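Fold and geometry: a report
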Amino acid sequence: MALRFGFKRLRYFFVVFSTNNGFFPYLLLVGLMVVVVVVGMGAYFFGLMAPESIRAEGIENSLDAGFIDTFWWSFKHVLDPGAFAKDYLAPGSVLAFGVFTTIAGLVITGALIGFIINFIQSGMDELKRGSTVIHEMNHVLILGWNRKVVSILRFFSELRTHQPIVILTNADIDDVNEEIRQERRSFRNVRVVPQHGSPTVAAELKRVNVANSASVVLLAEEQTSGRDQSPDISTIKSLMLLDNIAWEGKKPNIVAEIAEKDNVRVANIAVSARAPIVSSTEFVSKTLVQCARHTGYSSVYSQLFSFDKNEILIHRVEGLSGELFGNVARRFENAILLGVSWVQSGAGGERRVAVLNPEPDYDLGEDDELILLAEPRKQLSAPLEMMDDEESGASIGHFENPKIQRLLILGWNENIGQIVEEIDGHANEPVDVVITSGQTSEFFNEYKDRHIADGIRNVRLTHRQEDTATELALRRLEVQKYDVIIVVADHSQPGYDPDSRTTLTLLLLRELRGEMNQAFPRVVAEFYDKESYELCRETPLTDAVMSPEFVSMQITHLAREPVLGSIYNELLSAGGIEIGLRPIERYVPLRSSCSFAQLMHATQKANEIVLGVRIGGIHGEPCLNPGSKSQFVFEAGDVAIVLAQEVYI
């Protein structure tokens, strides 16, 4: 009984020590091996080196016939069971030691192989479970998982800098691995390491080596959507943890996505406004409304903020203090000067201020940095020389946007309230907005009371309950009477894929357009997948917003350059500077040769900055920053893409 109890205690201590120290089993085996070898060397005192023992093939005395030869004989039996077969003709006492060391060696070797296999298997299981300790340096750390992650990975890959990216998420790690596997061919320049764990636990952040990361991207966990708890709660908790970390070196760039606009202020408090916050709801809503106001806006946005030819950057150029902004703008051959920026100190610390499209006679200050749309940064290190002044026509008058008096929204999602507020922010005259969705009138009235601001000035809002993916409903709506139709990703019909419903609605609109002899409204649609958009190119669609891709584009830029946050805010805010698309004949004559430098000078007379041109109507591709020496012959339908003061609808 005592022996049995003692064995159980030994087994218990072995399990405890093995759990707390992964090297304990290997140290134990090494110790046992030493003991067995020493016991086996006891054969020396029982005639191992005697002449009658030397007759055996496996026993030698060629080195010292003492310690070394005895050690080798015993050690060989522990590691090689076949060595016992060569002890034939040895005395029985020596054979007894040989049997002991051989059997003990089999146990030790078998245990060692088992531990090694278990170690390898455990490592593979950890990798599959996403519970590995990360030793990457200067990596991008993504906290959370939603449909935007794949786009973010693709954008980082397009930067062509070999970048390790670690993902820490509470989502099912098998689903994460499968989604990444399906898109892995697109990630040629990134190494993706998915990990399972909670981004709100300090130990988990330490495990993924957050202290040595280059950038941290926080995303709203998709799995919490639709639950009572806001998807932003974990993001805000993680921001608070990050704000209290003692960084080992340079603090990484931190950018966070907030799904609900009401939580943006709380997130800014959590980081003391020291990290850019991206409100995905607000961003998508602003972009949809801008597309409703400017036909072709989405393609301009995609190219302006892509990772291909051009990028927006902030660059300091010495010796420009006292120069006029308009003159400096014409000193770049392959870059476009968008505005100026500086760091402002205040009670809340330092913050970046950006001024886009200042007056041409704006005096540059000593601390001003230039905001440029340019090709790779190396081109800006060349000496700046004043280009010849390009003459153009007379001053340019005020521009009027086409009026939007009636607007139809088809579908329902969490962005509706923000879309309505954005329309109101851009409107100077009454706009009738009709929301048509599968939601009931009671649901709409309750939502309106909670989410749509009481201070709406110019929007007259009504709601109709209809299935927007049916032909009968669209006919009852008399869609041809509206100026613009916005089709949002519809979440009002549970169990249906939003993109599938959007595609069906657009196909039905195409049929209705074919039956009409009058002008058809402009149609702006929101998509989640680019493949769905490709199916709808032949429909009345005039602009498409791939919401996860557009938000991912912004997040990726801010993860690399957080100072761009103020520029994004300025471009999308109502009542400020906006990206506009203007008829080219507003600035230069049609059907005559014109350089881009001449066009640039002409837009300055309207207090605007030309970013590029679009040739060939609404289906033409934007050409941004073509170079000041580029020559064009413009035709009717061509447009100039400009930064300008907002023109209200």
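Residues numbered from 1 in each chain as written. Predicted model: local features only at pLDDT ≥ 70, side-chain atom pairs only at ≥ 80, totals over all residues. Heavy atoms only, no water.

1. Here we look at the confidence of the model for the protein chain
Averaged over the protein chain, the pLDDT score is 83; the fraction of residues at 70 or greater is 88%. Predicted confidence for residues 388-393 stays below pLDDT 50, and this span has 13 contacts to residues more than four positions away or in other chains. (pLDDT = per-residue confidence, 0-100. Contact = heavy atoms within 4.5 Å.)

2. What to know about the sheet that holds strand E22 (residues 639-645)
With antiparallel pairing, four strands are arranged side by side in an open sheet as E17-E22-E19-E20. Taken across any chain shown, the strands that pair with only one partner, and hence form the sheet edges, are strand E17 (577-583) and strand E20 (622-624). Each strand of the sheet is rotated relative to its neighbour by a mean of 35°, with strand direction disregarded. Along the sheet face, helix H21 (residues 596-604) touches strand E19 (609-614) and E22 and points at about 130° away from the line of E19. (Pairing = 2+ DSSP bridges. Helix = DSSP H or I, 4+ residues; strand = E, 2+ residues; numbered from the N terminus. Axes fitted to C-alpha atoms, helices over the stretch in contact; angles between N-to-C directions.)

3. So, the pattern of salt bridges
Following the criterion strictly, the structure yields 25 salt bridges and no others. A salt bridge links glutamate 333 to lysine 629, with the nearest nitrogen and oxygen atoms 3.8 Å apart. Of the two residues, glutamate 333 is situated in the loop between helix H13 (325-329) and strand E8 (335-346) and lysine 629 in the loop between E20 and strand E21 (631-633); the sequence distance between them amounts to 296 residues. One salt-bridge network, held together by shared partners, links Glu282, Lys286 and Glu422. (Salt bridge = Lys/Arg side-chain N within 4 Å of Asp/Glu carboxyl O.)

4. As for the packing of aromatic side chains
Across all of its chains, the model carries 13 aromatic pairs by this definition. Arranged with centres 6.2 Å apart and planes meeting at 80°, the rings of tryptophan 412 and phenylalanine 444 form a pair that is edge-to-face. Remark: phenylalanine 444 occurs in helix H15 (residues 441-451) and tryptophan 412 occurs in the loop between strand E11 (406-410) and helix H14 (416-426); sequence separation between them is 32 residues. Note on tryptophan 412: relative accessible area 4%, which makes it buried. On the basis of relative accessible area, phenylalanine 444 is assigned to the buried category, the value being 4%. (Phe/Tyr/Trp six-rings, centres within 6.5 Å; stacked < 30°, edge-to-face > 60°. Buried < 20%, exposed > 50% of the residue type's maximum accessible area, 1.4 Å probe, protein only.)

5. Some remarks on the nonpolar core
In globular proteins that are soluble, nonpolar side chains generally tend to be buried together. Counting 114 residues, the largest nonpolar core has Ile142, Leu370 and Leu599 as its most contacted members. If we skip the residues at most four places from it in the chain, leucine 599 touches Ile584, Tyr587, Val588, Cys594, Val610, Val613 and Phe634. (Core = buried A, V, L, I, M, F, W, Y, C linked by side-chain atoms within 4.5 Å.)

6. Quick word on a negative patch on the surface
The grouping of Asp172, Asp174, Asp175, Glu179, Glu183, Asp497, Asp529 and Glu531 at the surface amounts to a negative patch. The element contributing the most residues to the negative patch is helix H7 (residues 173-183), with four residues. Along the chain, the position of aspartate 497 falls in the loop between strand E14 (484-487) and helix H17 (498-515). Here aspartate 497 falls in the partly exposed class, since its relative accessible area comes to 39%. (Patch = residues over 30% accessible without salt bridge, like charges linked within 9 Å, V, L, I, M, F, W, Y side chains within 5 Å. Areas by Shrake-Rupley, 256 points an atom, 1.4 Å probe, with all protein chains shown as cover. Lys, Arg positive; Asp, Glu negative; His and termini not counted. Charge placed at Lys NZ, Arg CZ, Asp CG, Glu CD.)

7. Observations regarding H14
Extensive coverage of H14 is indicated by the burial of nine of its eleven residues. If you check which residues of H14 are buried, you get Ile416, Gly417, Gln418, Ile419, Val420, Glu422, Ile423, Asp424 and His426.

8. What about empty space enclosed by the protein?
In the structure shown here, the tally under the stated rule is seven cavities of 30 Å³ or more. In this structure, the largest cavity encloses a volume near 90 Å³. Around the largest cavity sit 14 residues that line it, and Phe325, Ala329, Gln604, Glu608 and Ile609 are the ones nearest its centre. Secondary-structure elements contributing two or more residues to the lining of the largest cavity are H13, E8, H21 and E19. It is H13 that provides the largest number of residues to the lining of the largest cavity, a total of three residues. Here the residues of the lining of the largest cavity are counted per class, giving nine nonpolar, four polar and one charged. (1 Å grid on protein atoms, 1.4 Å probe; cavity = no way out; pocket = protein on both sides within 12 Å on 5 of 7 lines; lining within 4 Å. Points joined across faces, edges and corners; volume = space filled by probe spheres on them. Nonpolar A, V, L, I, M, F, W, Y, C, P; charged D, E, K, R; others polar.)

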